[in-house]
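Coordinate inspection notes
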Amino acid sequence: MGRGKLRIYLGAAPGVGKTYAMLSEAHRRVERGTDCVVAFVEHHGRPRTEVMLHGLEQVPRIELTHRGGTFTEMDVDAVLRRAPAVALVDELAHTNVPGSRNEKRWQDAEELLAAGIDVVSTVNIQHLESLGDVVEAITGVRQRETVPDEIVRRADQIELVDMSPEALRRRMAHGNIYQPDKVDAALSNYFRPGNLTGLRELALLWVADRVDEYLQRYRSEHQVSRIWGSRERIVVGLTGGPEGRTLIRRAVRLAEKGAGGEVTAVYVARSDGLTSASPKELALQRTLVEDLGGTFHHVVGDDIPAALLDFARGVNATQIVLGSSRRKTWQYVFGPGVGATVARESGPDLDVHIVTHGQIAKGRGLPVARGARLGRARIVSGWLMAVAGPALLGLLLSTVDLGLANDMLLFLALTVAAALLGGLLPALASAAVGSFLLNYFYTPPLHRLTIADPKNIVAIAIFVGVAVSVASVVDLAARRTHQAARLRAEAEILSFLAGSVLRGETSLEALLERVRETFGMDSVALLERQSDVDPWTCAGRVGADRPLQRPEDADVDMPVGDHMALALTGRVLPASDRRVLAAFAAQAAVVLDRRRLQEEADRARALAEGNRIRTALLAAVSHDLRTPLAGIKAAVSSLRSEDVEWSEEDRAELLGGIEEGADRLDHLVGNLLDMSRLQTGTVTPLIREIDLDEVVPMALGGVPEASVELDVPETLPMVAVDAGLLERAMANIVENAVKYSPARAPVLVSASAIADRVEVRVVDRGPGVPDDAKDRIFEPFQRYGDAPRGAGVGLGLAVARGFAEAMGGTLGAEDTPGGGLTMVLTVRAAGPRPEQDDPAPGRAEEQDRAEPSRAEADRPGPGGRAEQDRPESAQSSPVHPERQVS
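Below: a short report on this structure. Quantities reported herein were computed from a predicted structural model and do not represent experimental measurements. (Residues numbered from 1 in each chain as written. Predicted model: local features only at pLDDT ≥ 70, side-chain atom pairs only at ≥ 80, totals over all residues. Heavy atoms only, no water.)

Focus on the overall build of the protein
- When helices and strands are counted, the protein shows 24 helices and 24 strands.
- Taken across its 886 residues, the protein has 49% of its residues classed as buried.
- For the protein, long-range pairs separated by at least 24 residues make up 73% of all intrachain contacts whose partners lie at least 6 apart in sequence. (Helix = DSSP H or I, 4+ residues; strand = E, 2+ residues; numbered from the N terminus. Buried < 20%, exposed > 50% of the residue type's maximum accessible area, 1.4 Å probe, protein only. Contact = heavy atoms within 4.5 Å.)

Topic: the sheet that holds strand β12 (residues 319–323)
- With parallel pairing, five strands are arranged side by side in an open sheet as β11-β10-β9-β12-β13. Every interior strand has two partners, whereas the edge strands, β11 (295–300) and β13 (351–355), have only one. Averaged over all pairs of adjacent strands, the angle between their axes in this sheet comes to 25°, without regard to strand direction.
- Pairing of strand β9 (residues 233–238) with strand β10 (residues 262–269) involves six bridges; the strand directions are parallel. Looking across to β10, one finds that Leu238 is bridged to Tyr267.
- Relative to the sheet, helix α12 (residues 304–314) contacts β9, β10, β11 and β12, its axis offset from that of β10 by approximately 150°. (Pairing = 2+ DSSP bridges. Axes fitted to C-alpha atoms, helices over the stretch in contact; angles between N-to-C directions.)

Thoughts on helix α23 (residues 723–740)
- Look at α23: 26 Å from first C-alpha to last across 18 residues, which is about the 26 Å you get at 1.5 Å a residue.
- The element α23 is largely enclosed, with a buried count of 15 among its 18 residues. (Expected span 1.5 Å × (residues − 1).)

A few points about the nonpolar core
- Counting 45 residues, the largest nonpolar core has Leu692, Leu726, Met730, Val734, Val749, Val762 and Met823 as its most contacted members.
- When residues of this core are traced back to their parent elements, those giving at least two are α22 (692–695), β20 (719–721), α23, β21 (747–754), β22 (757–763), α24 (796–806), β23 (810–815) and β24 (821–828).
- With 10 residues, α23 is the largest single contributor of residues to this core.
- Those residues in contact with Val734, other than ones at most four positions away along the chain, are Leu700, Val703, Val708, Val749 and Val762.
- Within the second largest apolar cluster, 36 residues are counted, among which are Trp106, Val123, Val152 and Ala203. (Core = buried A, V, L, I, M, F, W, Y, C linked by side-chain atoms within 4.5 Å.)

Observations concerning a nonpolar patch on the surface
- Side chains of Ile379, Trp383, Val387, Leu425 and Leu428 sit close together on the surface and give an oily, nonpolar patch of about 430 Å² of accessible area.
- Put simply, the parts of the chain that give the nonpolar patch at least two residues each are α14 (376–397) and α16 (424–442).
- For the nonpolar patch, the leading source of residues is α14, giving three residues. (Patch = residues over 30% accessible without salt bridge, like charges linked within 9 Å, V, L, I, M, F, W, Y side chains within 5 Å. Areas by Shrake-Rupley, 256 points an atom, 1.4 Å probe, with all protein chains shown as cover. Salt bridge = Lys/Arg side-chain N within 4 Å of Asp/Glu carboxyl O.)

Some details on the pairing of β21
- One ladder, built from four bridges, connects strand β19 (residues 708–711) with β21; its direction is parallel. Of the residues in β21, the one forming a bridge with Asp711 is Ser750.
- When β21 meets β22, the two strands line up antiparallel, connected through seven bridges. Note that in β22 the partner of Leu748 across the bridge is Val763.
- What sits between β21 and β22 in their antiparallel hairpin is a turn of two residues, with Ala755 showing a positive phi close to 55°.

Structural notes on the sheet that holds strand β14 (residues 523–528)
- Across the sheet, which stays open at both edges, the four strands sit in the order β15-β14-β17-β16 with antiparallel pairing between neighbours. Each edge of the sheet is formed by a strand with only one pairing partner; in this case those strands are β15 (537–543) and β16 (556–559). Taking the axes of each pair of neighbouring strands and ignoring which way they run, one obtains an average angle of 15° across the sheet.
- In this sheet, β15 lies alongside β14 in antiparallel orientation, the contact comprising six bridges. Directly across from Leu526, in β15, lies its bridge partner Gly540.

Brief notes about the packing of aromatic side chains
- Scanning all chains against the criterion turns up zero aromatic pairs.
- The residue whose ring lies beneath Arg61 is Phe40, and the NZ or CZ to ring-centre distance is 4.0 Å.
- Of note, Arg105 hangs over the ring of Phe40, and the distance from its end group to the ring centre comes to 3.8 Å. (Phe/Tyr/Trp six-rings, centres within 6.5 Å; stacked < 30°, edge-to-face > 60°. Lys NZ or Arg CZ within 6 Å of the ring centre and 35° of its normal.)

Let's talk about the side chain of Gln319
- For Gln319, the location among the structural elements is in strand β12.
- Classification of Gln319 by relative accessible area gives buried; the value is 11%.
- Separated by 2.5 Å, the side chains of Gln319 and His353 make a polar contact. (Polar contact = N/O pair within 3.5 Å; in protein donor to acceptor, adjacent residues only side chain to side chain.)

Observations regarding the pattern of salt bridges
- Per the counting criterion, the structure on display carries 24 salt bridges.
- Between Arg233 and Glu262 there is a salt bridge, with the nearest N and O atoms lying 3.3 Å from each other. On the criterion of sequence distance, the pair formed by Arg233 in strand β9 and Glu262 in strand β10 is long-range, its members being 29 residues apart.
- The buried category is assigned to Arg233, whose relative accessible area is 5%.
- Within the structure, one salt-bridge network assembled from shared partners comprises Arg7, Glu25, Arg28, Arg29 and Glu159.

Quick look at a negative patch on the surface
- Side chains of Glu648, Glu649, Asp650 and Glu653 sit close together on the surface and give a patch of like negative charge.
- When you line up the elements, Asp650 lands in helix α21 (residues 648–680).
- Looking at Asp650, the relative accessible area reads 33%, which means it is partly exposed. (Lys, Arg positive; Asp, Glu negative; His and termini not counted. Charge placed at Lys NZ, Arg CZ, Asp CG, Glu CD.)

Describing the environment of Ala813
- Within the secondary structure, Ala813 sits in strand β23.
- Using a relative accessible area of 3% as the deciding quantity, one classes Ala813 as buried.
- Between the alpha carbons of Ala813 and Asp771 there is a distance of 9.3 Å; along the sequence they are 42 residues apart.

Printed below as a string of structure tokens:
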């Protein structure tokens, strides 16, 4: 049985209707008689989506128990037993409940495909693994539910489900996505027009790139050389002259006139070396084109127009931009030039733009290097001169008698001309023909191949010797020119490698791509192994061919040390190219070592961070803990003194100081122990179902009365948390807010249910925190510059976030509209958690392992406040968190 086919409905954003589209496709297939079942589809309470499930066979789900709750997942075994032709599997990026057959739902889909079952599935663009950083930059939240890009790329069909941001927000406002009480929060947060537009562009570009891959694969498989103008791709031909920057800017303007235009700059160097290109100018042009969003390529070719056209057709370009020739008028006698040749041979499907610039007809700064040796044209001309020249000269001399000496000089001049044009072999041929003609027609006895006068023998010998000498000099000069030019080319490539080191370029794939382009290969791979008997592994590769298993399988392999090799496929390289290839191979090994050293440095940095925390802990113990101990000891010593008789007021004040110092020690030691448990990963929460109104009021014991307003509705669902950890986290957050909120502006503590989460917001009206400090306030041992040393060690918010994440929740900071800071604590609601592929309203799409969200970039905030440790108070709460700072 063959492998099933995968069809994916890719959503540009949550709520665009990908599940609805998938169900519509299922109904169409059922009507055609296809055996189609619903393996897993979640309608999220949307009536229109739920109606679409009617009439479709649904495979019963499997129930799983996790942390006291019951959840349902797709029953893979049941679907395999049912063995339908098509199975609908919603939310491909979903993480299954622990205890399921597979960790991820896409792994379930892979099993169905392997069994020969066609799968129709859905996924949102923000769930693609490679786009995590981009999505985080757009929405402010890192997606934890992801699917490998390769799974989606291998799909037989990908259909984009798109909708304009305005239409999607209207759907949201009409209640077609979330319940009415959640609409406002969703529209003001995740479903902002900017977020939706960014995600939409990301989806369109990703799908366009996949379509381009399919197109290139089709053209390669069917050997299509003709250009298909499916997208405007502009190739800029560079010479290394100063006009290159003008050409690049003009090409970018042309690309901006069309949708999805791409600019690719290419410099074609002859195989025997660069001509008048300035390395500094090429570096500037490379930087310019990359800054403008294009790419820079360096290819090798003896025939520059042909190489440029081959490159343009290879990337399916639609336009070529060239500059007007810098040659002077008299230089056109040697040929029409690159621009005219490219325009003539480009064909009807490739437009050529000749751009004027300020360097026209000003000549080149350096002489142009010729082709390999003398070039084909010169060699052909030399042979014509060597063969036809003496015959024509013989006919001419038959009509006039100039004497033997003059005849020999004329034949010698002809031989020298053949040597200058064609080199050694044409000169030898010219000398042989000329000697024969001189002997037969002009040396007595005439018309016989004999020489009567010995002096004539010497003259003919000198004639041949001079011809051979001149030809040898010309051939040697051509050989040296070729060698010098090739060495120049190698020097240019080595200069590029050195420049990449100085620029700090550490991408192995970029270097391998440069190798592939330089030598015109199909694929390049860096292989390595641990020992002579271990199998080879691929450390990096570029190109479209199948992965190489061994260096012996490649067309060219270059060893790098004992257990590493650079393998290339496409063609066999001449031995003269292996020296430059060796430099590339050595650089690839250096880049790989540098990348691994960077990884080790990152690990060392993590260890150094741990050492920094231990150092700060020792500082806290040495000072912040000794200070209250000294105060307690002084008060106790005073009370025990028999020399002084204390009044009741004095005794009460001393006892109050002892109690205050003990409270300070209690919360400092508690936070230190909590932070130590978090750093060592020994916090094991006891999750149970509780009501928020049972825990939150208990966390307010350490703040003055009337300093907090509480808004926790009784209708909220129960939450699955550790009551003790939640209380400590809330206490730290609330006291943090009270410290900075003005006296007449009480802190608001409110709670609301959002999808399968419960969100607690602690809102203060203080000076706020700048955006660049919102992440740092949750780091341990952060103190504000003017905070007194005895005010705490800066662990309050670090402990609060650690406890929140240990319970499967999040803690983040946002600006309060109108000024201030809002701490957002999100925990999971108790009971079965509905599987959803859309983000909770007001937050980005997240499951129970979500990371803290960032503050909204477009929400105004006054900024200006950094966290600092809470000064000691006389209140005696069992929990006294201190304010953290940056």
